[in-house]
Amino acid sequence: MSHVGVGPRAVTRSVAFLTAGVLAVPALAGCSSEDPSGKPLADQDIASASRARISDGGTLRWAVDSVPDTLNTFQSDADATATRVAQAVLPSMYRMDETGRPVRNPDYLESAEVVETEPKQVVVYKLNQQAVWSDGREVGAADFAAQWRALSGKDSAYWTARNAGYDRIEKIQRGAGDLEVKVTFSRPYADWKSLFTPLYPKDVMGTPDAFNDGARRKLKVTAGPFAVKEVDTKDDEVVLTGNPRWWGEPAKLDKIVLRAVPREKRVSELVAGKLDLAEIDPDTAEQVGLAAAPRDAATGTPLMGPDGTPAAGSGGSPHPGPQGRSAAQALRSWAVANGSDEEAAEEEILAREERREARAKLERRRKALSGFEVRKSLEPAYTQLALNGADGPLADERVRRAVARALDREKLAKAVLGPLGLPTEPVGSHLALSGQAAYADGSGALGDQNAKEARALLADAGWVPGGPVKESEDGEKAAGAKGEKDEDGKDEKSEGGDDGTYIVGEDDKNTDDKNTDDQDTDDKEKGEKGKKEEGADSSGKNTAQGGAPGAYAPKGTAAPAGSATGPLAKDGKALTLRFVLPSGPGSEALRTVADRISDMLEEIGIGTDITKVPDESYFKDHVASGEYDLALYSWPASAFPATDARPIYAKPVPAADGSLNVAQNYTRVGTDQVDQLFDQAMATLDQKEARDLLRKADSRIWAAAGSIPLYQRPQLVAARKNLANVGAFGFETPVYEDMGFLKKGAHGSRPSATPSS
């Protein structure tokens, strides 16, 4: 599942959406005395320990997804591993704290402040006098200036991926002394703290050739607790070693080896003792948790809790194994092996030997994994449902809102996060996550889940049940229910009707789930009836639940009675949406969510055609190119949403060649009002005003229903039990010099159990 990334036709507007270009949104929580940003939903889990309790030396073998093609994070092919390397070896003026907010990094920066706002914004940086590059040169104004020129966008010879913020700088000068840098902006820039992190030496940024090619496979000059020793493409690893010129707290580890290991192979590498740290999937986390569970001294089997699961510390439910034979089966096996039927006895003896070998292998695996523990938190990223508004049924805002209001986001979050023991609160903002300064739940602009209102919106858009459906060219009627295909159009169905999708937390699917959901829906609809009548204003616009006009059908629109019993149709065509998903082994949770979304949409008469495509083509060939109606993918959270989120939600504009420039707005849904609010937030230096503008922008993004945030992604990390200050970091930037192995008898601090609801 991707984190990145990277003219829709005129949209038919609902009569209840926009009047005179003004969108009414619910009162912002930011106007009240209570801070709507809240707290992070889950604490980081890194087994924190003081440096005094950590041994000196050792090598940390850390699994990553890939060896980076470049170590220059400002190039388009930079990846997450490149960012991790940069954090360990390069200066950063600001780093993220545990709430996802920027804080000054004292190893490089003594202070930074806006000293002038008129006539121009001026920021003065005072650098740590001890900060030096590994070649002995001071970190200074020359490095700042070189990075600004390279990333300003004024010289096309630099192959840069982005220049946000740097394009607003007018000049950079040396300040009162060698350690002072004065940055003057041509236009006000609220997110100035995002700049110069990481900071590259002028040797890398000074010329186009050096920028384009000089830092792809090596970084000769660095200024962090570690330095890049080698990028080994043969062994698929990056080796970092201590920087002898580092002036801060010395690194506890001698070496960090970042090894590229596919996710499906990580459990084998953990068992083989070739890794110390690895981000893992829920199935592997269950195996690690089970291996670490308390065990019966006599039998070696996990001690079970009152609910039939392993006792506290297991992290999962028991897997069936060769030792799980009943007394009757064991007795029968002994009888056959010692019976008079020689042929049967020989077969049973061989089978018993195979079982003994399997038990021994399983025990070796358990012992190997018992040295690890699962550290879990919520990743600073969220998964969303994207609705492609470029054309087709979803070009109509009423249909997009109907899809959004059919979703029970709490149930979707519980399906993914509940079995992992993580908080299951849905994400309420497109621009920030709970705990970050800009966060506020803006979902009220769209309204709560309500199948009846969703059907009314569809009826207002002309989609009605039981309408005539034309046959397609192949003679088949357009399907209105859920169907599944691979990329070649073949139906995917295994024996017993199971397509092989693993549903998180549902090893035995309850066939009564649908009835339960139906009852929940009916109960909700009964409760909503009174609210709807109270929320209607004299204009006929329904603003119940604090929602915005347009999130509801106009007053008097007839909604189909009861749940839809068949596909909705319009102009002879059934309302069926193409739902594109990745097919790889790491995407089980996405496919689980997609199945549940499809069931929710079916309740309001919308069919889904699920198509599974290879992971490598999913984003590039389908999401980015617009070849989908519905898709699931993730965006990382940013401490600087005015800068980083704008290209994701900006209104697409025609390019010079006639194509549509969507930037990173892969839903193709945007408005001028949202763009203006982003621009205003980016230009104000009043932090409260900027937060309020961003929250208003988020409310309008919700109302447009181009993308629906669902849940914060789980972060599961297998770590050796004696490894400290590393694991599931949550928002916080890792402190690489503090990572290490605990001294004998020492223990790291873990967060208390997090409630799952």
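Source: prediction; values computed, not measured. (Residues numbered from 1 in each chain as written. Predicted model: local features only at pLDDT ≥ 70, side-chain atom pairs only at ≥ 80, totals over all residues. Heavy atoms only, no water.)

A.B. asks: Hey, could you run me through the environment of glutamine 44 in this one?
C.D. replies: In this fold, glutamine 44 is placed in the segment before strand S1 (59-64). For the pair formed by glutamine 44 and phenylalanine 729, sequence separation is 685 residues and the distance between their alpha carbons is 5.0 Å. Each residue touching glutamine 44, except ones within four places of it in the same chain, is listed here: Ser377, Ala728, Phe729, Gly730, Glu732 and Pro751. One polar contact links the side chain of glutamine 44 to the main-chain carbonyl oxygen of phenylalanine 729, over a distance of 3.0 Å. Within the structure, glutamine 44 has its side chain in polar contact with the side chain of glutamate 732 (distance 3.0 Å). (Helix = DSSP H or I, 4+ residues; strand = E, 2+ residues; numbered from the N terminus. Contact = heavy atoms within 4.5 Å. Polar contact = N/O pair within 3.5 Å; in protein donor to acceptor, adjacent residues only side chain to side chain.)

A.B. asks: Got a minute to help me understand the nonpolar core in this structure?
C.D. replies: Among soluble globular proteins, nonpolar side chains are generally buried collectively. In terms of nonpolar packing, the biggest core is built from 104 residues, with Trp62, Tyr125, Phe196, Leu240 and Tyr649 touching the most fellow members. Here this core takes seven residues from helix H2 (residues 141-151), the largest share from any one element. Residues in contact with tryptophan 62, not counting those within four places in the same chain, are Arg84, Ile256, Val257, Leu258, Arg259, Leu275, Leu277, Val726, Phe729, Tyr736 and Met739. The next biggest cluster of nonpolar side chains, apart from the first, holds 62 residues, and it includes Ala42, Ala413, Leu446 and Leu577. (Core = buried A, V, L, I, M, F, W, Y, C linked by side-chain atoms within 4.5 Å. Buried < 20%, exposed > 50% of the residue type's maximum accessible area, 1.4 Å probe, protein only.)

A.B. asks: Just to check I follow, could you spell out the sheet that holds strand S6 (residues 169-174) for this structure?
C.D. replies: The strands making up a sheet associate through backbone hydrogen bonding, with each pair oriented either parallel or antiparallel. Read from one edge of the open sheet, four strands run S4-S5-S7-S6, paired in antiparallel fashion. One side of each edge strand has no neighbouring strand; the edge strands of this open sheet are strand S4 (109-116) and S6. Ignoring strand direction, the axes of neighbouring strands in this sheet form an average angle of 20°. Sheet analysis places S4 next to strand S5 (residues 122-127), joined by six bridges and oriented antiparallel. Residue pairing in the sheet places glutamate 116 in a bridge with valine 122 of S5. (Pairing = 2+ DSSP bridges. Axes fitted to C-alpha atoms, helices over the stretch in contact; angles between N-to-C directions.)

A.B. asks: Please explain the side chain of glutamate 737 as it appears in this structure.
C.D. replies: Looking at where glutamate 737 falls in the secondary structure, it is placed in the loop between strand S23 (723-724) and strand S24 (740-741). No salt bridge is formed by the buried glutamate 737. Its closest oppositely charged neighbour is arginine 95, at 5.7 Å. (Lys, Arg positive; Asp, Glu negative; His and termini not counted. Salt bridge = Lys/Arg side-chain N within 4 Å of Asp/Glu carboxyl O.)

A.B. asks: What is the right way to look at the packing of helix H10 (residues 409-417) against helix H13 (residues 588-602) in this model?
C.D. replies: Any two packed helices are characterised by the angle at which their axes cross and by the distance between the axes. With their axes 10 Å apart at the nearest point, H10 and H13 run at an angle of 155° to one another. Here H10 is positioned roughly antiparallel relative to H13, judged by the angle of their axes. H10 and H13 meet at a crossing whose hand is right-handed. Residue-level contacts link Lys411, Leu412, Ala415 and Val416 of H10 to Ala589, Val593, Arg596, Ile597 and Met600 of H13. (Parallel < 35°, antiparallel > 145°, perpendicular 65-115°, else oblique. Left-handed = near helix turned anticlockwise from the far one by under 90°.)

A.B. asks: What is the right way to look at unusual backbone geometry in this model?
C.D. replies: A negative phi holds for most residues other than glycine; trans holds for most peptide bonds. The step from glutamate 118 to proline 119 runs through a cis peptide bond, and the omega angle for that step is 0°. For proline 119, the location among the structural elements is in the loop between S4 and S5. In this model, threonine 197 is joined to proline 198 through a cis peptide bond whose omega is -5°. Among the structural elements, proline 198 can be located in the loop between strand S7 (180-185) and helix H3 (202-205). Backbone geometry at aspartate 236 places phi at a positive 55°, although glycine is not the residue there. Within the element layout of this structure, aspartate 236 appears in the loop between strand S8 (226-232) and strand S9 (237-242). Phi at alanine 663 is positive, roughly 55°, even though this residue is not glycine. Turning to its location among the elements, alanine 663 is positioned in the loop between strand S21 (660-661) and helix H17 (672-683).

A.B. asks: Quick question: what am I supposed to make of H2 here?
C.D. replies: Because each turn of an α-helix spans 3.6 residues, side chains separated by three or four positions end up pointing in the same direction. A large share of H2 lies buried, amounting to nine of its eleven residues. Residues of H2 that are buried include every one of Ala141, Asp143, Phe144, Ala145, Ala146, Gln147, Trp148, Ala150 and Leu151, and no others. Looking at the buried side of H2, the elements it contacts are S5, S6, S7, H3 and helix H4 (208-213). Looking one or two residues past H2, glycine 153 carries a phi angle of roughly 85°, positive in sign.

A.B. asks: Can you help me understand the pairing of S9 in this one?
C.D. replies: Sheet faces and side chains relate simply in a regular strand, where the side chains alternate between the two faces. As paired strands, S8 and S9 are joined by six bridges and run antiparallel to one another. The residue of S9 that forms the bridge with aspartate 232 is glutamate 237. In textbook terms, the turn of a hairpin is the stretch between consecutive antiparallel strands, and for S8 and S9 this stretch comprises four residues, one of which, aspartate 236, has a positive phi near 55°. As judged from the five bridges shared by S9 and strand S10 (residues 255-260), these two strands associate in the antiparallel manner.

A.B. asks: Please explain the packing of aromatic side chains as it appears in this structure.
C.D. replies: The geometry of an aromatic ring pair is captured by two quantities: the separation of the ring centres and the angle between the planes. Tallied over the entire structure, the rule returns 20 aromatic pairs. Pairing tyrosine 633 with tryptophan 635 gives two aromatic rings, centres 6.0 Å apart and planes at 75°, and the pair type is edge-to-face. Using a relative accessible area of 4% as the deciding quantity, one classes tryptophan 635 as buried. Plain terms: the ring middles of tryptophan 635 and tyrosine 666 are 6.1 Å apart, the flat faces sit at 10° to each other, and that makes the pair stacked. (Phe/Tyr/Trp six-rings, centres within 6.5 Å; stacked < 30°, edge-to-face > 60°.)

A.B. asks: How should the pattern of salt bridges be read in this particular structure?
C.D. replies: When charged atoms on two side chains of opposite charge get close, those side chains can pair. The final tally for this structure, using the stated rule, is 26 salt bridges. Put simply, arginine 61 and aspartate 276 hold a salt bridge, and the shortest N to O gap is 3.0 Å. Taken together, the positions of arginine 61 in strand S1 and aspartate 276 in the loop between helix H5 (266-271) and strand S11 (277-279) put the pair 215 residues apart, joining distant regions of the chain. Judged by its relative accessible area of 26%, arginine 61 falls in the partly exposed class. On the basis of relative accessibility, which here comes to 2%, the residue aspartate 276 falls in the buried class. Aspartate 203 is the partner of arginine 137 in a salt bridge, and the nearest nitrogen-oxygen pair spans 3.7 Å. Here arginine 137, found in the loop between S5 and H2, pairs with aspartate 203, found in helix H3; they are 66 residues apart in sequence, far enough to count as distant. Judged by relative accessible area, which is 22%, arginine 137 ranks as partly exposed. Linked through salt bridges whose partners overlap, the residues forming this network are Asp45, Glu373, Arg375 and Arg750.

A.B. asks: What exactly am I supposed to notice about the pairing of S6 here?
C.D. replies: Of the strand pairs in this sheet, S6 and S7 are connected by five bridges, and their pairing is antiparallel. Bridge pairing links isoleucine 169 to phenylalanine 185 in S7. Hairpin connection between S6 and S7: a loop of five residues separates the two successive antiparallel strands.

A.B. asks: Looking at this model, I keep getting lost on the sheet that holds strand S15 (residues 568-570). Mind explaining?
C.D. replies: Strand order in the open sheet formed by three strands is S13-S15-S16, and the pairing between neighbours is antiparallel. The open sheet is flanked by strand S13 (464-465) and strand S16 (573-574), the only strands paired with a single partner. Sheet topology note: the S13/S15 ladder contains two bridges and is antiparallel. Bridge assignment links valine 464 to a residue of S15, and that residue is alanine 569.

A.B. asks: Help me understand the environment of phenylalanine 372 in this model?
C.D. replies: Of note, phenylalanine 372 is situated in strand S12 (residues 372-387). The class for phenylalanine 372 is buried, based on a relative accessible area of 0%. Separated by 349 residues in sequence, phenylalanine 372 and lysine 721 have C-alpha atoms that sit 5.2 Å apart. Other than its neighbours up to four places away in sequence, phenylalanine 372 contacts Leu270, Leu275, Asp276, Val288, Ala292, Ala718, Ala719, Arg720 and Lys721.

A.B. asks: Explanation requested: empty space enclosed by the protein in the structure shown.
C.D. replies: The method is simple in principle: a probe with the dimensions of a water molecule rolls over the atoms, and the space it marks as empty is what remains. The calculated volume of the largest cavity comes to roughly 80 Å³. Considering the residues around the largest cavity, the lining is formed by Tyr649, Thr667, Val669, Gly670, Thr671, Val674, Arg700, Ile701, Ala704, Gly706 and Ser707. When residues of the lining of the largest cavity are assigned to their parent elements, the largest contribution, three residues, is made by helix H18 (residues 687-704). When grouped by side-chain class, the residues that make up the lining of the largest cavity number five nonpolar, five polar and one charged. (1 Å grid on protein atoms, 1.4 Å probe; cavity = no way out; pocket = protein on both sides within 12 Å on 5 of 7 lines; lining within 4 Å. Points joined across faces, edges and corners; volume = space filled by probe spheres on them. Nonpolar A, V, L, I, M, F, W, Y, C, P; charged D, E, K, R; others polar.)

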